[in-house]
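Survey of secondary and tertiary structure
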Amino acid sequence: MASRPIRQKWFRLLDDIGIGEVCRLYVEEQMSVPKLCQHLFEPSKHGKVGVSIFYDWIKKREHRSAWDLAVQMKRELREEAIKKAIVQKSDIEWRMFGVHASVLATMRSDDS
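Because the structure is a prediction, the values reported are computed rather than measured. (Residues numbered from 1 in each chain as written. Predicted model: local features only at pLDDT ≥ 70, side-chain atom pairs only at ≥ 80, totals over all residues. Heavy atoms only, no water.)

1. Points about the overall build of the protein chain
Along its length, the protein chain carries 5 helices and 0 strands. Its helices and strands taken in sequence order, the protein chain reads α-α-α-α-α from the N to the C terminus. Here the protein chain has a C-alpha radius of gyration of 20 Å; the compact-globule value for 112 residues is 13 Å, and the former is much larger. Taking the principal axes of the C-alpha coordinates as reference, the protein chain spans close to 55 × 35 × 20 Å. (Helix = DSSP H or I, 4+ residues; strand = E, 2+ residues; numbered from the N terminus. Rg over C-alpha atoms; globule rule 2.2 N^0.38 Å.)

2. Focus: the environment of Trp67
Relative to the elements of secondary structure, Trp67 occurs in helix H4 (residues 64–88). Since its relative accessible area comes to 2%, Trp67 is described here as buried. In the structure, Trp67 is positioned 12 residues away from Tyr55 in sequence and 9.7 Å away in space, judged by C-alpha atoms. Non-local contacts of Trp67, meaning those with residues more than four positions away in its chain, are made with Val22, Cys23, Tyr26, Val33, Leu36, Phe54, Tyr55 and Ile58. (Buried < 20%, exposed > 50% of the residue type's maximum accessible area, 1.4 Å probe, protein only. Contact = heavy atoms within 4.5 Å.)

3. Points about the packing of helix H1 (residues 4–28) against helix H3 (residues 52–60)
Orientation of H1 relative to H3, taken along the N-to-C sense of each, is 65 degrees, at an axis distance of 10 Å. Taken together, the axis directions place H1 and H3 in an arrangement best described as roughly perpendicular. Considering only the axes of H1 and H3, their crossing is right-handed. Where H1 abuts H3, its residues Ile6, Arg7, Trp10, Phe11, Leu14, Asp15, Gly18, Ile19 and Val22 lie against Ile53, Phe54, Asp56, Trp57 and Lys60. Taken together, the residues of the contact of H1 with H3 sort by class into 9 nonpolar, 1 polar and 4 charged. (Axes fitted to C-alpha atoms, helices over the stretch in contact; angles between N-to-C directions. Parallel < 35°, antiparallel > 145°, perpendicular 65-115°, else oblique. Left-handed = near helix turned anticlockwise from the far one by under 90°. Nonpolar A, V, L, I, M, F, W, Y, C, P; charged D, E, K, R; others polar.)

4. Overview of the state of the cysteines
One pass over the structure, following the stated rule, counts 0 disulfides. Just so you know, Cys37 is unpaired, no disulfide at all, and the nearest cysteine sulfur is the one on Cys23, 13 Å from it. (Disulfide = S-S within 2.5 Å.)

5. Things to note about the nonpolar core
Leu36, Phe54 and Trp67 are the most contacted members of the largest nonpolar core, which has 22 residues in total. If you list the elements that add at least two residues to this core, you get H1, helix H2 (33–40), H3 and H4. For this core, the leading source of residues is H1, giving 9 residues. Excluding residues within four positions of it along the chain, Leu36 makes contact with Val22, Leu25, Tyr26, Met31, Phe54 and Trp67. (Core = buried A, V, L, I, M, F, W, Y, C linked by side-chain atoms within 4.5 Å.)

6. Some thoughts on H1
If you check H1, its first and last C-alpha atoms are just 31 Å apart, much less than what 25 residues at 1.5 Å a residue would give, namely 36 Å. At Gly18, H1 shows its strongest bend, of approximately 90 degrees. Along H1, the positions that sit buried rather than exposed are Arg7, Trp10, Phe11, Leu14, Gly18, Ile19, Val22, Cys23, Leu25, Tyr26 and Val27. Phi turns positive, to about 55 degrees, at Gln30, one or two residues after H1. (Expected span 1.5 Å × (residues − 1). Bend = angle between axes of the 7 residues up to and from the residue.)

Printed below as a string of structure tokens:
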């Protein structure tokens with residue numbers, strides 16, 4: 001567990017940012033929780049940023065309902081985007097998809 005000063009520092013930072021901005025970053029910037037924490041917090045001396053303090057903050061500040069709504073919104077937006085992509089990609093010849101993927105992979109490896 002993070003030391004008390006680090007925990008307090010990160011709680012203050014999250015309090016200053018506010019749940020609204022945290023949720024906006026998560027939803028609109030398409031950040032995962034680990035990426036969000038990397039964006040907000042300084043890495044530890046081991047170069048890692050954990051997510052436990054983030055979830056502790058949500059619980060202690062009683063932001064669970066707002067966070068759950070943000071998670072639901074992100075899921076719905078992702079599903080909507082996938083549906084749109086499927087509609088826009090209707091001209092794909094799925095029987096040849098494996099061949100196309102192999103050719104694309106070969107071209108990418110040649111560019112490296």
